Amino acid sequence: MLEQVDITQEQVALLAPLVRLLVSTFLLVVAVLVLRSVSARFIRKNVTTSELRTKWLVQSRNAFVLLLLLGLVLIWGEELRTVAFSVVAIAVALVVATKELILCLIGSVLKAGTSAFDIGDRIQIKDYRGDVIDHNPLTTTLLEVGPGKGSHQLTGRVLTLPNAMFVSEALINETPNTRYMFHVISIPFKRDHNWQGAKQAMLEAAKRECQPYRDEARRYLVRFSNQRGLEPPSVEPRVTIQVPAPEEIHLVMRMPVPTARRVAIEQAILSEVMEGNYSMKVEALPDSPAAT
């Protein structure tokens with residue numbers, strides 16, 4: 001009977017450290033959940049701007065996840081060190097098997113370290129383009145914008161991208177944090193269309209749209225260029241001609257625009273040029289070189 005009691009006491013002694021670790025883990029999880037709930041309630045109550053509120057909610061959630069992971073490492077650190085040498089082979093196998101997961105974590109660190117984009121920015125990576133509505137250590141969620149690269153309409157689809165893409169693919173952020181920017185508008189024509197008239201109409205429409213803010217945009221862009229040691233650019237609208245195919249001509253116009261109104265100005269210019277019906281064929285005169 002005494003021997004049986006001794007065995008039971010030994011078992012209790014062995015289980016005691018494990019029980020302490022489990023209790024500590026439980027308390028940590030409860031504390032993190034409570035703090036997360038309190039912070040989320042505080043943000044929803046005190047932050048009035050919806051975009052800023054969404055940004056702070058996502059950042060606070062990611063911060064508490066990181067806090068939870070660090071706490072678990074501190075609690076279980078001794079046990080992890082004890083078994084580390086015996087699981088080296090397993091760890092190597094896991095690294096090979098979880099390569100994509102590791103790349104996602106690296107992509108998340110790269111994304112955070114470079115501040116490549118934030119909640120609400122419009123980004124493009126490979127063929128995926130949309131507005132960022134959420135991101136975490138493994139994925140980034142977009143509201144898709146399209147179709148095509150020139151459209152600015154939401155399609156209603158939600159894209160979930162693995163952060164591993166940020167390690168190997170180029171990222172384009174279409175939401176510059178400047179007040180004014182240069183915007184490019186491209187209109188295709190056939191060679192026998194009245195593209196000369198369309199070019200003149202584009203310049204006239206662009207100058208008329210730029211007139212209210214041209215001087216302010218010039219001062220801003222000159223100051224922006226001087227701060228970065230660049231040559232100050234011309235803010236006058238200009239149209240260049242590109243020939244991507246023998247029978248095609250593209251009129252490409254560059255003009256300064258307020259960042260917040262670039263889409264509205266683009267649509268106004270396109271509507272005015274398209275109403276001119278410059279896509280009609282221009283008949284060559286009988287004695288002109290084109291007619292021979």
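Caption draft 1: How the structure looks around the overall build of the chain. In terms of helices and strands, the chain carries eight helices and eight strands. Residue burial in the chain is summarised as follows: out of 292 residues, 30% are buried. In the chain, the proportion of contacts linking residues at least 24 apart, taken out of those at least 6 apart, comes to 63%. Of the roughly 19,200 Å² that the chain leaves accessible, carbon and sulfur atoms contribute 62%.

Caption draft 2: The arrangement of helix α7 (residues 214-227) in detail. With 14 residues, α7 extends 20 Å from end C-alpha to end C-alpha; this agrees with the ideal 20 Å at 1.5 Å per step. For α7, every residue scored as buried is listed here: Ala217, Tyr220, Leu221 and Ser225. When α7 is viewed along its axis, its buried side chains cluster within an angular range of 130° and face the same direction. Every exposed residue of α7 that faces more than 90 degrees away from the buried side is listed here: Arg219 and Gln227.

Caption draft 3: Main features of the environment of histidine 193. Within the secondary structure layout, histidine 193 lies in the loop between β6 (180-190) and α6 (195-210). Distance from histidine 193 to asparagine 277, taken between C-alpha atoms, is 9.6 Å for residues 84 residues apart in sequence.

Caption draft 4: Structural context of the layout of surface pockets. Its boundaries defined by the atoms lining it, the largest pocket holds a volume of some 650 Å³. Surrounding the largest pocket, 22 residues form its lining, Asn62, Ser108, Lys111, Ala112 and His135 being those nearest its centre. Mapped by element, the contributors of at least two residues to the lining of the largest pocket are α2 (50-84) and α4 (99-114). The dominant element in the lining of the largest pocket, judged by the number of residues it contributes, is α2, at six residues. Split into classes, the residues belonging to the lining of the largest pocket amount to ten nonpolar, nine polar and three charged.

Caption draft 5: Layout of the pattern of salt bridges. Inspection of the entire model under this criterion finds nine salt bridges. Between aspartate 131 and arginine 122 there is a salt bridge, and its shortest N-O distance comes to 2.7 Å. The pair aspartate 131 / arginine 122 is uniform in exposure class, with both members buried. The network of salt bridges with shared partners includes Arg214, Asp215, Arg218 and Glu236.

Caption draft 6: Fine view of the packing of α6 against helix α8 (residues 262-275). Across the interface, α6 lies against α8 with an axial gap of 9 Å and an inter-helix angle of 145°. Once α6 is placed against α8, the crossing between them reads as right-handed. Side by side, α6 and α8 meet where Ala198, Ala201, Met202, Ala205, Ala206, Arg208 and Glu209 of the first sit next to Ile265, Ala268, Ile269, Glu272 and Val273 of the second. Considered class by class, the residues forming the contact of α6 with α8 number nine nonpolar, no polar and three charged.

Thresholds applied
Residues numbered from 1 in each chain as written. Predicted model: local features only at pLDDT ≥ 70, side-chain atom pairs only at ≥ 80, totals over all residues. Heavy atoms only, no water. Helix = DSSP H or I, 4+ residues; strand = E, 2+ residues; numbered from the N terminus. Buried < 20%, exposed > 50% of the residue type's maximum accessible area, 1.4 Å probe, protein only. Contact = heavy atoms within 4.5 Å. Areas by Shrake-Rupley, 256 points an atom, 1.4 Å probe, with all protein chains shown as cover. Expected span 1.5 Å × (residues − 1). Arc of directions from axis to C-beta. 1 Å grid on protein atoms, 1.4 Å probe; cavity = no way out; pocket = protein on both sides within 12 Å on 5 of 7 lines; lining within 4 Å. Points joined across faces, edges and corners; volume = space filled by probe spheres on them. Nonpolar A, V, L, I, M, F, W, Y, C, P; charged D, E, K, R; others polar. Salt bridge = Lys/Arg side-chain N within 4 Å of Asp/Glu carboxyl O. Axes fitted to C-alpha atoms, helices over the stretch in contact; angles between N-to-C directions. Left-handed = near helix turned anticlockwise from the far one by under 90°.

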